[in-house]
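These are the residues of each chain, in order.
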Amino acid sequence: MSKEQRAQIDAMMRQSRPDGPRSVEAIRAGFKALMARMIVPDRIRVTRTTLGGRPALRVEPDNGRRAGTILYFHGGGWVFGSPETALSLTGNLVAKTGFGAYSVDYRLAPEHPFPAAIEDTLGAYRALLDSGEDPSTIAFAGDSAGGGLTVTTCLAARDAGLPLPAAIVAFSAGLDATRTGESMDTKEGIDPIFTREAVERTGAMYVAGADPHQPLLSPAVLADLTGFPPMLLQVGTNEILLDDSTRLAARARAAGVDVILDVTADVPHVFQSFAGVLDEADEALDRAAVFLGQRLRAGGRGAHAGGVGPATAVLELIGTDPGDSA
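- In the annotation of an unreviewed UniProt entry, the chain is listed under the name Alpha/beta hydrolase fold domain-containing protein and assigned to Microbispora bryophytorum subsp. camponoti.
- In its Sequence similarities (unreviewed entry) section, UniProt records this for the chain: "Belongs to the 'GDXG' lipolytic enzyme family."

Below, the structure written as C-alpha cells:
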C-alpha cells in the first residue's frame, strides 16, 4: 500500500475540482488538460483510424502483438473525454497484455444524448465482427462512463442477436442513472473528484429526459445479465460510484456470470489512470492484464460456455493453485 502516494493524489484532485458549474466547453478543456498529465507507456504504437463509421485510435504493442483485440470505451460522463484522454489506460493494457486495441471516439452529449454512444460502440463491435474477428478474441474494456458502456454495449449486442465478447473489464464504471446507490451519499466529501450534483448534471445531459429506469441506462439495478461473459470490475472505496460496481457484481453472480469484484482501498475514481505514480494503479492494471490474458487465451470460455468459475479465477489471479488448500 502507498499511503503517501494516495494522499498526494487525493490532494491534487481536490485542487483540480471546480467550485461551481462550468460550461460544457470548459469541462471538456479541463479534463483534456488533466488527462494530458497522465503517463502513457512508450512501448506502444498509436495510429488514427475509423471503426464502425467513427474515428478511433488503434493502439498496438511496438514489439509484435498477440492474437486478441481490446475494444476500449473512454470515460468522461458521456459528455467529455476522448480516446486521447484515455490513452494512459488503453496504452497500459496494450503494453501489459500484448493485445492490440481500438479506442472508439463515440458521440458525446449534450449534442448527441442517449442512446447515441451505445449506437456507436455497438457499431464498432459490429465492424470488428464483420471484419472476421472471432468474438472469442475480443474483450470490452472501459473506464467511468466507458465502463458503463462495456455493459450496455454487451446488452445491446445480445438484444441484437450478436455473439458476445470473451470478457469485460470495467474501471470505476458508471452503471446507474437513477443514482440510488448508498455510496452516492456515504462517499460524498470522501470522493475527491465527484459530487452528486456534478454527476447528476452531466448525467442529465446524456439521459436528456429519457426514463433512467431502463437497463441501458441503469444496468446495475435493472439489467438481466444472463449469458454475459466473465467480468472484472475494479473500483476504489473513495468513490461515490462505488455501489454501481458492487450492485452490478451482485446481479452478475445472481445470473450465474463469472465476476471478479476488485475493490482497492482509499483510492479515487479511475485510479488506474495514475499508473507510474500510484503503486495501486500499476497493480490493478497488472491484475486486469492477467484477467484479459486468461480470457482471450481461453477462447471466451465462461459461465455461458462452461468455463472457469469465479473462485478459480480469483485463485489464478493471485497465483494459487486450488489444490494447494486441499
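1. Some details on the overall build of the chain
Line of reasoning, step 1. Check the secondary structure of the chain and you find 11 helices and eight strands.
Line of reasoning, step 2. Its C-alpha atoms give the chain a radius of gyration of 18 Å, within 12% of the compact-globule value 20 Å for 326 residues.
Line of reasoning, step 3. Expressed along its principal axes, the backbone C-alpha trace of the chain runs to roughly 50 × 45 × 40 Å.
Line of reasoning, step 4. Considering the chain as a whole, with its 326 residues, one finds that 56% of them fall into the buried category.
Line of reasoning, step 5. Once local pairs closer than 6 in sequence are excluded, the contacts in the chain between residues at least 24 apart make up 78%.
Line of reasoning, step 6. For the chain, the accessible area works out to roughly 12800 Å², and carbon and sulfur atoms hold 52% of it.

2. Some details on the packing of aromatic side chains
Line of reasoning, step 1. One pass over the structure, following the stated rule, counts five aromatic pairs.
Line of reasoning, step 2. Note on Phe-31 and Phe-80: the rings are 4.9 Å apart at their centroids and 70 degrees apart in plane angle, and the pair reads as edge-to-face. With Phe-31 in helix α2 (residues 24–35) and Phe-80 in the loop between β3 (69–73) and α3 (87–97), the pair connects residues that are 49 residues apart, well separated along the chain. As far as the burial class goes, Phe-31 and Phe-80 line up, both buried.
Line of reasoning, step 3. For the pair Phe-114 and Tyr-206, a centre-to-centre distance of 5.9 Å together with 80 degrees between the ring planes defines the contact as edge-to-face. Placement of Phe-114 in the loop between β4 (100–104) and α4 (116–130) and of Tyr-206 in helix α7 (residues 196–207) is noted, with a sequence separation of 92 residues between them. With respect to burial, Phe-114 and Tyr-206 carry one shared label: buried.

Cut-offs used in this document
- Residues numbered from 1 in each chain as written.
- Predicted model: local features only at pLDDT ≥ 70, side-chain atom pairs only at ≥ 80, totals over all residues.
- Heavy atoms only, no water.
- UniProt positions renumbered as here; feature names shortened; annotations may be inferred.
- Helix = DSSP H or I, 4+ residues; strand = E, 2+ residues; numbered from the N terminus.
- Rg over C-alpha atoms; globule rule 2.2 N^0.38 Å.
- Buried < 20%, exposed > 50% of the residue type's maximum accessible area, 1.4 Å probe, protein only.
- Contact = heavy atoms within 4.5 Å.
- Areas by Shrake-Rupley, 256 points an atom, 1.4 Å probe, with all protein chains shown as cover.
- Phe/Tyr/Trp six-rings, centres within 6.5 Å; stacked < 30°, edge-to-face > 60°.

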